[in-house]
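# Residue-level structure breakdown
Spelled out from the first residue to the last, the chains are:
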Amino acid sequence: MRHMLILGGGTAGTIMANKLASALDERDWRITVVDATEEHYYQPGFLFVPFGIYRMREIVKPRRQFLPGRIQFILSGIERIDAEKKTVMLSVGESLRYDCLIIATGADIHPEQTDGLFDEEWGRSKFDFYTPKGADRLAQFLKGWQGGKLVLSITEMPIKCPVAPLEFLFLADAYFTERGMRDKVDIHLVTPLSGAFTKPTSSDVLGEFLERKGITVTPDFDLGRVDSKEKKLVAWDETEVSYDLLVSIPTNMGNACIARSGMGNELNFVPTDKQTLKADGLEDVFVLGDASNLPSSKAGSVAHFQSEILFQNILEHIEGRPACAHFDGHANCFIESGFGKGLLIDFNYETEPLPGEFPLPGIGPFKLLQESSINHYGKMMFRWVYWNLLLRGVELPIEAEMSMAGKQVR
Amino acid sequence: MGTLSIAGKTIELDADGHLANRTDWTEDMAREIAAQDGIPELTPQHWAVINFMRTVFAKEGDAPSIRRLTKESGVDTKTLYQLFPKGPAKRAAKIAGLPKPKGCI
Ligand SMILES: Cc1cc2nc3c(=O)[nH]c(=O)nc-3n(C[C@H](O)[C@H](O)[C@H](O)COP(=O)(O)OP(=O)(O)OC[C@H]3O[C@@H](n4cnc5c(N)ncnc54)[C@H](O)[C@@H]3O)c2cc1C
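Here the structure is a predicted model, which means the values were calculated and not measured.

### Looking at the overall build of chain A
Counting secondary structure elements, chain A contains seven helices and 24 strands. A compact globule built from 410 residues would reach a C-alpha radius of gyration of about 22 Å, and chain A, at 21 Å, matches this within 12%. Reported as C-alpha extents along the three principal axes, the dimensions of chain A are approximately 65 × 50 × 40 Å. Out of the 410 residues belonging to chain A, those deemed buried represent 57%. Pairs at least 24 apart in sequence give 66% of the contacts found in chain A among residues at least 6 apart. Surface summary for chain A: the accessible area is close to 16,400 Å², and the carbon and sulfur share equals 48%. The distance from the centre of the 43 positive side-chain charges to the centre of the 56 negative ones in chain A is 5 Å.

Written out as structure tokens, the structure reads:
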């Protein structure tokens, strides 16, 4: 009996468990998923919690509910991977040997990595919305806030869902407008990027959006420290931005078990072949989702596209054939822009997000890089798609490989 | 795409204003690019960073991030920003004759 071991039962781990459960012969393979917690959060929903659009209990479900019956689920922390001995040490004391390993341990925020960010003011005047606790606390705070200068600060790239900070700003603009207090709130984005977003065309479009909504952008700001007393951000070059309310996207890092295993880069992301998804230099180890160092977006849609490629490669690999399916970096993200509208971007390693139309049989076309209500419905529908189709490894009507159909090249 | 004239030679640049061909790079050229970029003199600490970047690039095909520079080049973040004001990763890459770091999205 061979052993397929999946570390992490979040978006990526759950998708792979479902795909492999129906493909691997039960007489030949057993499949195990290890995760430290029982709760599976729909993370894209965190964005909506601070504004009271979703409540936390509406975006969490039991992890096991999404794992097919033949999968063994072990509730435990992961201590360390020993790739030489093909063994994983768990914090419950057990060690597991594997024949094939999938690392899907994701990424998390680390406010303690920045001087002065994580102190007694964390949760009082400084918040995050990337964790259940952070998003909940911010919702509480916003309800009673009288206004002032709201600064959203991105500490460093890469971050999970790089459009989420922009969506937060758009939704904040709508939230304060609807409460009749937009004139009392000054909204700012402070970012290490040279503009609103990473790639030129979408950065221009999204930059115009911010401007139209009266949101000020401070680009090229590399955060060095936070001064909680004076309520200001200080960059490495000593430029400063003051705030009344700080919404922080702290440094995102891979899990500490990656560092303990001596496998990660400087941010604990696992060096991974960007096409085959094999861990660099390790036998029988693959990486899926946010845990890798791939230059693709860290997003659930990306984990989904990657999973189709990884699925093919794992089936080849266990038959002793070379992994030949290639991931192209495809990402597809709805961007909520407030007031019941949204945008959609579709891109890959080589092609930046372009305007145009995104054909989707039966539902689309969605508008690319332009605001529309159908894009907003796409975003809100994503929660249903996530629980019912995406996690279950069902094929979606969007190909893993990006298509140029409908896109306008400048 | 632009060009750069150094010591009577014309060198091709890419869309970001970095050297188009890494093999064109020489130490003299680094001094020249730095001077044009507002860094009049390259100290041994500058060179430590530049050489570290070139080594990483040759091995991995992308320039290292600031975090990695701090961790592995032996120069702390504060100093990096003093050596290469306004974005050390980008500026040091340019002087080292490497393309603009890809960064991530
Ligand atoms: C605010 C926000 C908004 C987002 N919006 C979108 C969006 O609109 N669209 C989109 O596509 N994506 C979005 N994302 C990103 C998306 O949620 C992630 O990219 C996706 O969940 C990544 O899946 P993953 O399996 O790699 O990681 P995760 O789903 O985070 O799973 C990792 C799992 O590993 C477990 N684990 C890690 N380390 C250990 C250990 N040592 N021991 C035991 N267990 C461990 C964790 O408990 C976790 O369950 C958003 C994310 C956030 C935070």
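### Considerations on helix α7 (residues 373-390) of chain A
The principal kink in α7 of chain A, of about 40 degrees, is found at Trp384 of chain A. Every buried residue belonging to α7 of chain A is among Asn375, His376, Gly378, Lys379, Val385, Tyr386, Trp387 and Leu390 of chain A, and all of these are buried.

### Some points on the sheet that holds strand β14 (residues 215-218) of chain A
Residues and elements named next belong to chain A. The strand order across the open sheet formed by five strands is β11-β18-β12-β13-β14, and the pairing between neighbours is parallel. For this open sheet the edge positions go to β11 (126-127) and β14, each flanked by a neighbour on one side alone. The pairing of β11 with strand β18 (residues 245-249) spans two bridges and is classified as parallel. By the bridge assignment, Phe127 is partnered in β18 with Val247.

### Comments concerning the domain arrangement of chain A
Residues and elements named next belong to chain A. Looking at the assigned domains, one finds that chain A contains domain 1 (2-106 + 255-318), domain 2 (110-251) and domain 3 (331-390). In this structure, domain 2 and domain 3 have C-alpha centres spaced 24 Å apart. Across the contact, 17 residues belong to domain 2 and 17 residues belong to domain 3. Buried surface at the junction of domain 2 and domain 3, both sides included, amounts to about 1,400 Å², of which 70% is carbon and sulfur. A per-residue breakdown of the area domain 2 buries against domain 3 is headed by Glu167, Lys199 and Thr201, which together make up 30% of the total. Seen at the junction of domain 2 and domain 3, the total is one salt bridge. Among the ionic pairs, Glu167 bridges to Lys379, the shortest N-O distance being 2.8 Å.

### Quick word on the interface of chain A and chain B
It is common to report an interface's size as the accessible area lost on association of the parts. Across the contact, 21 residues belong to chain A and 13 residues belong to chain B. Buried surface at the junction of chain A and chain B, both sides included, amounts to about 1,600 Å², of which 53% is carbon and sulfur. On inspection of chain A and its partner chain B, the count reaches four salt bridges. With a shortest N-O distance of 3.5 Å, Lys90 of chain B and Asp220 of chain A are connected by a salt bridge. Viewed at the interface, chain B and chain A are joined by seven residue pairs in polar contact (both at pLDDT 80 or more). Residues of the side of chain A that touches chain B, tallied by class, amount to seven nonpolar, six polar and eight charged.

### Here we look at the sheet that holds strand β7 (residues 87-90) of chain A
Residues and elements named next belong to chain A. Ordered in space as β6-β7-β8, the three strands form an open sheet in which the pairing is antiparallel. At either end of the open sheet lies a strand with only one pairing partner, and these are β6 (78-82) and β8 (95-97). Adjacent strand axes in the sheet meet at a mean angle of 20 degrees, parallel and antiparallel pairs treated alike. Where β7 lies against β8, three bridges are found, and the strand directions are antiparallel. Looking across to β8, one finds that Met89 is bridged to Ser95.

### Looking at the environment of Val49 of chain A
All names here are of chain A. By the secondary structure assignment, Val49 is in the loop between β3 (39-41) and β4 (60-62). Owing to a relative accessible area of 3%, Val49 belongs among the buried residues under this scheme. Separated by 86 residues in the primary sequence, Val49 and Ala135 have C-alpha atoms spaced 5.9 Å apart. Among all residues touching Val49, those that are not within four sequence positions of it are Tyr54, Met56, Ile59, Ala135, Asp136 and Ala139.

### Some words on the site of the ligand
Residues and elements named next belong to chain A. Close contacts around the ligand come from 29 residues, with Thr11, Ala12, Asp35, Ile78 and Asp290 the closest. Interatomic distance of 2.7 Å between a side-chain N/O atom of Thr11 and an oxygen atom of the ligand. The separation between an oxygen atom of the ligand and a polar side-chain atom of Lys379 is 2.9 Å. Taking 1,000 Å² as the accessible area of the ligand by itself, protein coverage stands at 93%.

### What to know about the packing of helix α2 (residues 44-60) of chain B against helix α5 (residues 88-95) of chain B
Residues and elements named next belong to chain B. Between α2 and α5, the shortest axis-to-axis distance is 9 Å and the interhelical angle comes to 80 degrees. Classed by the angle they form, the pair α2 and α5 counts as roughly perpendicular. Contacts between α2 and α5 involve Val49, Ile50 and Met53 on the former and, on the latter, Ala89, Ala92, Ala93 and Ile95. Classifying every residue of the contact of α2 with α5 by side-chain character gives seven nonpolar, no polar and no charged.

Thresholds, definitions, all that
- Residues numbered from 1 in each chain as written.
- Chains lettered and ligands numbered in written order.
- Predicted model: local features only at pLDDT ≥ 70, side-chain atom pairs only at ≥ 80, totals over all residues.
- Heavy atoms only, no water.
- Helix = DSSP H or I, 4+ residues; strand = E, 2+ residues; numbered from the N terminus.
- Rg over C-alpha atoms; globule rule 2.2 N^0.38 Å.
- Buried < 20%, exposed > 50% of the residue type's maximum accessible area, 1.4 Å probe, protein only.
- Contact = heavy atoms within 4.5 Å.
- Areas by Shrake-Rupley, 256 points an atom, 1.4 Å probe, with all protein chains shown as cover.
- Lys, Arg positive; Asp, Glu negative; His and termini not counted.
- Charge placed at Lys NZ, Arg CZ, Asp CG, Glu CD.
- Bend = angle between axes of the 7 residues up to and from the residue.
- Pairing = 2+ DSSP bridges.
- Domains from an automatic or database assignment.
- Buried area = accessible area lost by both parts, 1.4 Å probe.
- Salt bridge = Lys/Arg side-chain N within 4 Å of Asp/Glu carboxyl O.
- Polar contact = N/O pair within 3.5 Å; in protein donor to acceptor, adjacent residues only side chain to side chain.
- Nonpolar A, V, L, I, M, F, W, Y, C, P; charged D, E, K, R; others polar.
- Axes fitted to C-alpha atoms, helices over the stretch in contact; angles between N-to-C directions.
- Near = heavy atom within 4 Å.
- Parallel < 35°, antiparallel > 145°, perpendicular 65-115°, else oblique.

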